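Chain by chain, the residues run as shown.
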Amino acid sequence: MTTVALKDVTKVFADGTIAVDSVNLDVNDGEFMVLLGPSGCGKSTVLRMVAGLEEPSSGAILLDGELANDLPPRDRRIAMVFQDFALYPHMTVGDNIAFPLRLSGVEPAPRGERVNDVASALGIGDVLARKPSQLSGGQRQRVAMGRAIVRRPGLFLMDEPLSNLDSGLRAELRAEISGLVRELGVSTIYVTHDQAEALTMADRVAIMRKGVLQDVGTPTQVYGRP
Ligand code: ADP
Ligand code: ADP
């Protein structure tokens, strides 16, 4: 299980930019939280601080109730997916998905089994021997997700994972991602500037503007419609 709490979190960059300004936010266990706002409002900076890639200037980040400000990324049981997928081009799909398990020393037999389970859950079981360059955009996104979830993270962080895809595929993957994440029961923070995406995917939406959290609630509470 994973809960996340941001307590009065502020990030001021060296050049004086206040990217995140006194943000308070709770993500419940198994919740799909969408962080919504225009480009430059501080969404990625929030995500990077939760992941441990960026340190807060002030305030506290709690993971499962424990202060995590100084916890290195590898000790956070967190998986991240980015918009550029960042797959390893020289490796097959199977090796891409297996990579985190290999790093953590999982033996070949259970590794193969786990990769097959994840790949079939994502509908890419038949392309395991291909290279990323031989896949469609949607398939690449599924591989990136497979690689992210293969170690059973407690928390899933996604930064605009669909923004490089065309609109038809985006709509399709929206449903697929939220379905998969709910099936896994993994807590999620999903960053987007797309309101339609937020409304269809979120348990709750957190709306950010200029570093400040303006509103948090279910889509109905925030927009008056689901
Ligand atoms: P996004 O798609 O999230 O808006 P950006 O283009 O703002 O991404 O940022 C991409 C990368 O550049 C990030 O790693 C971010 O930390 C860094 N970055 C953004 N703005 C600045 C800046 N003014 N000075 C230095 N680095 C920046
Ligand atoms: P978003 O993800 O909502 O697009 P970001 O969190 O990437 O926003 O950026 C928030 C603000 O912080 C922007 O003004 C961006 O230019 C700035 N910023 C991001 N990274 C850096 C950095 N490394 N140095 C200075 N400013 C940055």
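Structure first, text after, so check above.
Report follows, based on the coordinates. (Residues numbered from 1 in each chain as written. Chains lettered and ligands numbered in written order. Predicted model: local features only at pLDDT ≥ 70, side-chain atom pairs only at ≥ 80, totals over all residues. Heavy atoms only, no water.)

A look at the environment of Leu157
Rule in force here: Secondary structure follows DSSP: runs of H or I at least 4 residues long count as helices, runs of E at least 2 residues long count as strands, and numbering of each begins at the N terminus. For every residue, the accessible area obtained with a 1.4 Å probe (protein chains only) is divided by the maximum for its type, and the residue is called buried under 20%, exposed over 50%, and partly exposed between those limits. The contact rule is simple, with two residues in contact once any of their heavy atoms fall within 4.5 Å.
Tracing the backbone shows Leu157 in strand β7 (residues 155-159). Owing to a relative accessible area of 0%, Leu157 belongs among the buried residues under this scheme. In this structure the C-alpha to C-alpha distance between Leu157 and Gly146, which are eleven residues apart in sequence, comes to 13 Å. When residues no more than four places from it in sequence are discounted, the contact partners of Leu157 are Leu47, Val50, Ala51, Ile78, Ala79, Met80, Val81 and Ile189.

Side note on helix α5 (residues 167-184)
Using the following cut-off: Multiplying 1.5 Å by the helix residue count minus one yields the expected span of that helix. As used in this structure description, the phrase polar contact means that two N or O atoms lie within 3.5 Å; if the pair is within protein, one of them must be able to donate a hydrogen and the other to accept it, and residues adjacent in sequence are counted only when both atoms belong to side chains.
Taking 1.5 Å of rise per residue, 18 residues should cover 26 Å, and α5 covers 26 Å from first to last C-alpha, within 8% of that figure. The complete set of buried residues in α5 reads Leu173, Arg174, Ile177, Ser178, Leu180 and Val181. On the buried face of α5, the contacting elements are β3 (32-36), α4 (137-149), β7, β8 (187-192) and α6 (195-201). Two or three places before Gly168, at the opening of α5, Asp166 has a side-chain oxygen 3.2 Å from that residue's backbone nitrogen. Looking one or two residues beyond α5, the residue adopting positive phi is Gly185, at roughly 70 degrees.

A closer look at the pairing of β7
Worth spelling out the cut-off: Pairs of strands are assigned from DSSP output, requiring at least two bridges between the strands.
By the criterion of burial, β7 is predominantly enclosed, with five of the five residues buried. Of the two faces of β7, both are covered, the one formed by Leu155, Leu157 and Asp159 as well as the one formed by Phe156 and Met158. With four bridges joining them, strand β6 (residues 78-81) and β7 adopt parallel strand pairing. Within β7, the residue paired with Val81 across the bridge is Met158.

A closer look at the sheet that holds β6
Note on sheets: strands pair through backbone hydrogen bonds, and any given pair is parallel or antiparallel. Basically, it comes down to this: For helices, the fitted line uses only the C-alpha atoms of the stretch in contact; every axis is such a line through C-alpha atoms, and the angle between N-to-C directions lies from 0 to 180 degrees.
One open sheet holds the six strands; their spatial order is β6-β7-β8-β3-β9-β10, and the pairing between them is mixed. At either margin of the open sheet sits one strand with a lone partner, and together these are β6 and β10 (212-217). Averaged over all adjacent pairs, the angle separating strand axes in this sheet is 15 degrees, with direction ignored. Pairing analysis gives five bridges linking β7 to β8, with the strands arranged parallel.

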